[in-house]
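Structural overview for review
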Amino acid sequence: MSVSDIDLIQAWKQVLTLSMLERGQIVTVLTGADTHPQTLRCAIAAASDMGARVNRLDLPPVNAEKSLSRDSLAYLGTTPLTGNPAAIAALKASDLVLDLMTLLFSPEQHDILSSGTKILLAVEPPEVLCRLVPTEADRARVLAAAQRIEAAHEFRVTSKAGTDLRCRIGEFPAISEYGFVDQPGRWDHWPSGFVLTWPDEGHSQGQVVLDRGDILLPLKDYVTDPITLTIENGYVRRIQGGLQADILKEYMAAYEDPEAYAVSHIGWGLQPRAHWSMLAHYNKETHIGMDARAFEGNFLWSMGPNNEAGGSRTTACHIDIPMRHCTVTLDGEATVIDGVVQDASGLARAQRRPEGL
Ligand SMILES: [Fe+2]
């Protein structure tokens, strides 16, 4: 469904207002070869109308010869900012960077944030942005979940399909992704709406059984036959299953990096306007799968780096795996039961769902 410029400008204004953009501040829009022209046009219009000084910094893409995918998250680490102090200086001198290119998981992003500059990533299609405009309520819900993670020592996930994963937590912070940047030096991603942390280094044990309908990213495939991943001392040691397991193994092996198999972030989705079924409608190359990462009640875990959390692991490979129908407990207390978030809005939403549908 196409979106009018005026609707997308209004959406940007809501996000920029929540991000406390003030008249006279400097906004730099970071763009690349895959930036959506309507998103760019409307971002500039909204920020300008709110009185900001707006720049555009366009950088050529990198990594094409190394990546097996067109997805912007398929090869991490080096970005068009790597070894580019002139571009970094421009971004550091900005109050707010609207990242329509994808800087995620790069040391340059940390460098820019440490100067107090805010960065908001927004690369999903315009209609997805409009459907998933963040709210204060999203923020409050995600922050409440993050507080529960911060207070806990064990993160456990189980499912009827056979998952039983235990992770010790506390070494790394809880991260709240709610879709806007209301603090200096904050990074966020529009759209989102989920909470996450990272297991203590080497302290994840158990198995994850991916069931039909669970999702592999950046492959953007629904799992059709179960895949069993065996996890020992923080690393996935075996991946067993049928054709999809073989594809996943071959894809990950292509990076030739044992760190690719480390358990990375763990958390759950809290965004009721994100939908598990979205992937069924879209061409893989038109989006990066944020509905899958954020849909309410998922268990989202991943393999790959932990440098986003302050850890030392960098690897170019990153696999995100949103799962349905899982139960998440923190120190034995359930935050999600069989895919239903155990807070007031999660329980109310589950009650509204028609029986049998
Ligand atoms: Fe991830």
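Residues numbered from 1 in each chain as written. Predicted model: local features only at pLDDT ≥ 70, side-chain atom pairs only at ≥ 80, totals over all residues. Heavy atoms only, no water.

1. Examining the coordination of the iron ion
Ligation of the iron ion by protein atoms is provided by His265 (NE2), His318 (NE2), Asp320 (OD) and Asp320 (OD), these donors lying 2.1 to 2.6 Å from the ion. When the donors of the iron ion are listed by position in the chain, the intervening gaps give H-x52-H-x1-D. Of the two residues, His265 sits in strand β15 (residues 263-269) while Asp320 sits in strand β17 (residues 319-323), which places them 55 residues apart along the sequence. Of the residues examined, Asp320 reaches a relative accessible area of 4% and is grouped as buried. (Donors = N, O, S within 2.8 Å, 3.2 Å for Na, K, Ca; no water. Helix = DSSP H or I, 4+ residues; strand = E, 2+ residues; numbered from the N terminus. Buried < 20%, exposed > 50% of the residue type's maximum accessible area, 1.4 Å probe, protein only.)

2. Looking at the sheet that holds strand β6 (residues 164-168)
Pairing is antiparallel across the open sheet formed by eight strands, whose spatial order is β14-β13-β10-β6-β5-β18-β19-β20. Of all strands in the sheet, those bounded by a partner on one side alone are β14 (235-240) and β20 (340-341). Inspection of the sheet shows strand β10 (residues 204-210) paired to strand β13 (residues 227-232) by five bridges, in the antiparallel sense. Bridged to Val208 within β13 is Leu229. Sitting on the sheet, helix α7 (residues 243-253) is in contact with β13 and β14, with an inclination near 140° to β14. (Pairing = 2+ DSSP bridges. Contact = heavy atoms within 4.5 Å. Axes fitted to C-alpha atoms, helices over the stretch in contact; angles between N-to-C directions.)

3. Quick word on the side chain of Arg141
Summarising the element assignment, Arg141 is placed in helix α6 (residues 136-150). Among the polar contacts made by the side chain of Arg141, one reaches the side chain of Ser345 at a distance of 3.2 Å. The contact partners of Arg141, leaving out residues within four places of it in the chain, are Leu270, Pro272, Glu296, Val341, Asp343, Ser345 and Gly346. (Polar contact = N/O pair within 3.5 Å; in protein donor to acceptor, adjacent residues only side chain to side chain.)

4. Observations regarding the sheet that holds strand β8 (residues 187-189)
Pairing in this open sheet of five strands is parallel, and the strands run β2-β1-β3-β4-β8 from one edge to the other. In this open sheet, the two edge strands, each paired with only one partner strand, are β2 (53-58) and β8. In this sheet, adjacent strand axes meet at a mean angle of 20° when their direction is disregarded. Across four bridges, the pairing between strand β3 (residues 96-99) and strand β4 (residues 118-121) is parallel. Pairing of Leu96 across the sheet is with Lys118, part of β4. Sitting on the sheet, helix α4 (residues 107-114) is in contact with β4 and β8, with an inclination near 135° to β4.

5. A few points about the environment of Thr35
Among the secondary structure elements, Thr35 is positioned in the loop between β1 (26-31) and α2 (37-49). Owing to a relative accessible area of 14%, Thr35 belongs among the buried residues under this scheme. Measuring from C-alpha to C-alpha, the distance between Thr35 and Ile321 comes to 25 Å, with 286 residues separating the pair along the chain. The contact partners of Thr35, leaving out residues within four places of it in the chain, are Leu40, Leu100 and Met101. A distance of 2.9 Å separates the side chain of Thr35 from the backbone nitrogen of Gly32, its partner in a polar contact. Of note is the side chain of Thr35, whose polar atom sits 2.7 Å from the backbone oxygen of Leu100.

6. Comments concerning the domain arrangement of the chain
Split by domain assignment, the chain resolves into domain 1 (5-130) and domain 2 (134-352). Here the C-alpha centroids of domain 1 and domain 2 sit 24 Å apart. The interface of domain 1 with domain 2 comprises 35 residues on the first partner and 37 residues on the second. Contact with domain 2 buries area across many residues of domain 1, yet Leu18, Phe105 and Glu124 alone supply 20% of it, more than any other trio. (Domains from an automatic or database assignment. Buried area = accessible area lost by both parts, 1.4 Å probe.)

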